[in-house]
Amino acid sequence: MKAFVDKTGCISCGLCISICPAVFTFDSDRKAQADPCDVPEGSIKSAISARKACPASVIDIEY
Ligand code: SF4
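Throughout what follows, the structure given in this document is the object of discussion. A quick note: this is a predicted structure, and the numbers were derived from the prediction, not measured.

1. Describing the environment of Ile61
Step number 1: Among the secondary structure elements, Ile61 is positioned in strand β4 (residues 59-62).
Step number 2: What makes Ile61 buried here is its relative accessible area of 9%.
Step number 3: In this structure, the C-alpha to C-alpha distance between Ile61 and Ile48, residues 13 residues apart in sequence, is 7.3 Å.
Step number 4: Ile61 has contacts with Met1, Lys2, Ala3, Ala47, Ile48 and Arg51, leaving out every residue within four places of it along the chain.

2. Some remarks on the side chain of Ser12
Step number 1: Here Ser12 is to be found in the loop between β1 (2-5) and α1 (15-19).
Step number 2: There is a polar contact of 2.4 Å between the side chain of Ser12 and the backbone oxygen of Arg30.

3. Structural notes on the pattern of salt bridges
Where charged atoms from two side chains of opposite charge approach closely, those side chains can pair.
Step number 1: If you walk through the whole model with that rule in mind, you get two salt bridges.
Step number 2: Salt-bridge contacts for Asp38 lead to Lys2; the nearest nitrogen and oxygen are separated by 2.7 Å. Here Asp38 is found in the loop between β3 (32-34) and α2 (44-53), whereas its partner Lys2 is found in strand β1, with 36 residues between them in sequence.
Step number 3: For Asp38, a relative accessible area of 44% translates into the label partly exposed.
Step number 4: We classify Lys2 as partly exposed; its relative accessible area is 29%.
Step number 5: The partner of Lys7 in a salt bridge is Asp27, with the nearest N and O atoms 2.9 Å apart. Here Asp27 lies in the loop between β2 (24-26) and β3 and Lys7 lies in the loop between β1 and α1, a separation of 20 residues in the sequence.
Step number 6: For Lys7, a relative accessible area of 32% puts it in the partly exposed group.
Step number 7: For Asp27, a relative accessible area of 18% translates into the label buried.

Conventions used here
Residues numbered from 1 in each chain as written. Predicted model: local features only at pLDDT ≥ 70, side-chain atom pairs only at ≥ 80, totals over all residues. Heavy atoms only, no water. Helix = DSSP H or I, 4+ residues; strand = E, 2+ residues; numbered from the N terminus. Buried < 20%, exposed > 50% of the residue type's maximum accessible area, 1.4 Å probe, protein only. Contact = heavy atoms within 4.5 Å. Polar contact = N/O pair within 3.5 Å; in protein donor to acceptor, adjacent residues only side chain to side chain. Salt bridge = Lys/Arg side-chain N within 4 Å of Asp/Glu carboxyl O.

Put into structure tokens, the structure is as follows:
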């Protein structure tokens, strides 16, 4: 499973990072990034929760 963030729409709220810190972090411009984009087995549920919670709907999950 892979996670992606469309940084152009990210409003830097930090929600994804607080829900799934193993995958989502801020880059130097305080835009969220999925790094690594390969979601570790133990973080699949939280990555999906982060996608649902993102107020800007800019997180994409690929199965
Ligand atoms: S939840 Fe969405 S808008 Fe908020 S930091 Fe993450 S990607 Fe950006």
